[in-house]
Number of protein chains: 2
Amino acid sequence: MRQRLNAEAAELKFREVLARHGLKWTAERRTILAIVRSLPGHFTADDLAGHVQRAGAGVSRATVYRALPLLVEAGLLQPMVLGGEVRRFENALSGPHHDHLVCTACGRVVEIEVEAFEILQREVAARHGFRLSSHVHELYGTCAGCQRTSERSADAPAR
Amino acid sequence: MRQRLNAEAAELKFREVLARHGLKWTAERRTILAIVRSLPGHFTADDLAGHVQRAGAGVSRATVYRALPLLVEAGLLQPMVLGGEVRRFENALSGPHHDHLVCTACGRVVEIEVEAFEILQREVAARHGFRLSSHVHELYGTCAGCQRTSERSADAPAR
DNA sequence: CTTCATGCAAAAGATTTGCAAGTTC
DNA sequence: GAACTTGCAAATCTTTTGCATGAAG
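Residues numbered from 1 in each chain as written. Chains lettered and ligands numbered in written order. Predicted model: local features only at pLDDT ≥ 70, side-chain atom pairs only at ≥ 80, totals over all residues. Heavy atoms only, no water.

(A) Representation of the relation of the copies chain B and chain A in the model. For the pair chain B and chain A, the superposition axis carries a translation of 0.0 Å, the fit reaches an RMSD of 0.2 Å, and the rotation angle comes to 180°. Interpreted geometrically, this transformation is the action of a two-fold axis. Among all C-alpha atoms of chain B, that of His137 of chain B lies closest to the rotation axis, at 2.2 Å. In this assembly the copies share their binding face: 100% of the residues contributing to the interface of chain B also contribute to that of chain A. (Least-squares fit on C-alpha atoms with pLDDT ≥ 70 in both. Contact = heavy atoms within 4.5 Å.)

What follows is the structure, given as structure tokens:
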């Protein structure tokens, strides 16, 4: 139901985020975007940096790292937790389980609790013969306030 | 719908994981478990280590770090991505979006695609005035094969 | 022209590991 | 007893920053 984004659409999304932050569209960021589009499957931040460097054009690691959050904000890169190498946790014992709705512009976090998700998750897991123990479920986007801000002006402070 | 786990249940879960890996139930791990249960909200691996250290009993940082993956496997700690400080990504452009079903015992990853999740997510986001751009959704548990293995013997190799 | 970007190399952090001595099973 | 743990400190790794120079708007 969700169509594959072509190069043009991807560039548009990226530039939109840049504009929103008053940042510039440079050759380096263009290169990084291209590599990101070309990488299949899962990869680490460092992997990506490596690919970009090897890809010829001398784009430094620092520049790649600096682009990461922007790419995520543009929805071109999707953060993952696979493998458990995370830095951040939440006590899974206190109170009922909840997921998170995070504003990528201002950082606000809304905790949500949706019974339907839980049920659906169990169903899917069962269908694959899995016995669930936990999960990570976070939704990223912009909250009402930040949407208004970015519509009004393109030089809105990042946070 | 999901009840708060009491100390006993938590210990049971933890010891179960330890047994499954042929590991031991030590005073240090007991301390760590206690602190984990006491910490509310979100925290980093380092935060936890700090708390444990300050909590008196001289449990070293290294020991805490070593216990982390076990706690997650036991479902007592829930990994999160909040804040975007992740090390791992996935190209959000190639093909339709999918979530992950991960076996914490053997590491197998099954990619799942459930339309209902997407719809529900959009609904929840809308209800809070958010415009979604991406999300992380990973389910952790044990696959059919690993379930059988751990039932048969407690000394099954971790992976 | 003013503001932002980049590379470099250094700095800062976070996590992991080797080892000798002490514990659990 | 054998196998697994721990603390410590050193070793690794990853990610971030300061600065001077070079582009983009």
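(B) The protein's contact with DNA strand D, seen in detail. Surveying the vicinity of DNA strand D reveals 21 residues, the closest of which are Tyr65 of chain A together with Leu23, Thr26, Arg29 and Thr63 of chain B. The sugar-phosphate backbone supplies 75% of the atoms of DNA strand D found within 4 Å of the protein. Within the contact set of DNA strand D, a phosphate oxygen lies 2.8 Å away from a side-chain nitrogen or oxygen of Thr26 of chain B. The side chain of Ser60 of chain B places a nitrogen or oxygen atom 2.8 Å from a phosphate oxygen of DNA strand D. Where the surface near DNA strand D is concerned, the elements lending two or more residues are helix 3 (45–54) and helix 4 (61–73) of chain A together with helix 2 (27–38) and helix 4 (61–73) of chain B. Each residue belonging to the surface near DNA strand D can be placed in one class, and the counts come to seven nonpolar, five polar and nine charged. (Near = heavy atom within 4 Å. Polar contact = N/O pair within 3.5 Å; in protein donor to acceptor, adjacent residues only side chain to side chain. Helix = DSSP H or I, 4+ residues; strand = E, 2+ residues; numbered from the N terminus. Nonpolar A, V, L, I, M, F, W, Y, C, P; charged D, E, K, R; others polar.)

(C) Spatial organisation of the nonpolar core. With 28 residues, the main nonpolar core has Leu101 and Phe130 of chain A together with Leu101 and Phe130 of chain B as its most contacted residues. Going through the elements one at a time, strand 4 (99–103), strand 5 (109–112) and helix 5 (115–127) of chain A together with strand 4 (99–103), strand 5 (109–112) and helix 5 (115–127) of chain B are the ones with two or more residues in this core. The residues touching Leu101 of chain B, leaving out its near neighbours within four places in the chain, are Val124, Ala125, His128, Phe130 and Leu132 of chain A together with Arg108, Val109, Val110, Ile112 and Leu139 of chain B. Within the second largest apolar cluster, 26 residues are counted, among which are Phe14, Ile32, Val64 and Val72 of chain B. (Core = buried A, V, L, I, M, F, W, Y, C linked by side-chain atoms within 4.5 Å. Buried < 20%, exposed > 50% of the residue type's maximum accessible area, 1.4 Å probe, protein only.)

(D) Molecular detail of the pattern of salt bridges. Residues and elements named next belong to chain B. The tally for this structure, following the rule as stated, stands at eight salt bridges over all chains. The residue Glu11 makes a salt bridge to Arg15 at a minimum N-O spacing of 3.1 Å. One end of the pair, Glu11, and the other, Arg15, are both in helix 1 (residues 7–21), four residues apart, so they sit about a helical turn from each other. (Salt bridge = Lys/Arg side-chain N within 4 Å of Asp/Glu carboxyl O.)

(E) Region of interest: the confidence of the model for chain A. Overall, the prediction assigns chain A a mean pLDDT of 82, with 82% of residues at 70 or greater. Here residues 152–159 of chain A is a poorly scored stretch, pLDDT under 50, and it has 13 contacts once near neighbours within four places are set aside; other chains count. (pLDDT = per-residue confidence, 0-100.)

(F) Geometry of the protein's contact with DNA strand C. Around DNA strand C there are 21 residues in total, and Lys24, Arg29, Gly58 and Thr63 of chain A together with Tyr65 of chain B lie nearest to it. Within 4 Å of the protein, the atoms of DNA strand C are drawn from sugar and phosphate moieties in a proportion of 76%. Between DNA strand C and Lys24 of chain B there is a distance of 3.1 Å, counted from a base oxygen to a side-chain nitrogen or oxygen. Among the secondary structure elements, those contributing two or more residues to the surface near DNA strand C are helix 2 (27–38) and helix 4 of chain A together with helix 3 (45–54) and helix 4 of chain B.

(G) Structural detail: the interface of chain B and chain A. Taken together, the contact between chain B and chain A spans 74 residues of the former and 75 residues of the latter. The contact between chain B and chain A buries some 7800 Å² in all, and 58% of this surface belongs to carbon and sulfur atoms. In this assembly, chain B and chain A are joined by zero salt bridges. For the side of chain B that touches chain A, the element with the most residues is strand 6 (residues 131–142) of chain B, which contributes 12 residues. Counted by class, the side of chain B that touches chain A contains 39 nonpolar, 21 polar and 14 charged residues. (Buried area = accessible area lost by both parts, 1.4 Å probe.)

(H) Here's a closer look at the side chain of Glu118 of chain B. Residue and element names in this part refer to chain B. Along the polypeptide, Glu118 turns up in helix 5. Arg122 provides the closest opposite charge to the buried, salt-bridge-free Glu118, at an N-O distance of 4.8 Å. Beyond its immediate chain neighbours, meaning those up to four positions away, Glu118 contacts His97 and His135. (Lys, Arg positive; Asp, Glu negative; His and termini not counted.)

(I) View of helix 1 (residues 7–20) of chain A. Residue and element names in this part refer to chain A. If you check helix 1, its first and last C-alpha atoms are 20 Å apart, about what 14 residues at 1.5 Å a residue would give, namely 20 Å. Within helix 1, burial applies to Ala10, Phe14, Val17, Leu18 and Arg20. Looking one or two residues past helix 1, Gly22 carries a phi angle of roughly 70°, positive in sign. (Expected span 1.5 Å × (residues − 1).)

(J) The sheet that holds strand 4 of chain B, seen in detail. Ordered in space as 5(A)-4(A)-6(A)-6(B)-4(B)-5(B), the six strands form an open sheet in which the pairing is mixed. On the outer flanks of this sheet lie strand 5 of chain A together with strand 5 of chain B, each paired with one strand and no other. In this sheet, adjacent strand axes meet at a mean angle of 20° when their direction is disregarded. Looking at chain direction, strand 4 of chain B and strand 5 of chain B are connected through four bridges and run antiparallel. In the sheet register, His100 of chain B faces strand 5 of chain B, and the bridge partner there is Glu111 of chain B. Seen against the sheet, helix 5 of chain A touches strand 4 and strand 6 (131–142) of chain A together with strand 4, strand 5 and strand 6 of chain B and runs at an angle of roughly 130° to strand 6 of chain A. (Pairing = 2+ DSSP bridges. Axes fitted to C-alpha atoms, helices over the stretch in contact; angles between N-to-C directions.)

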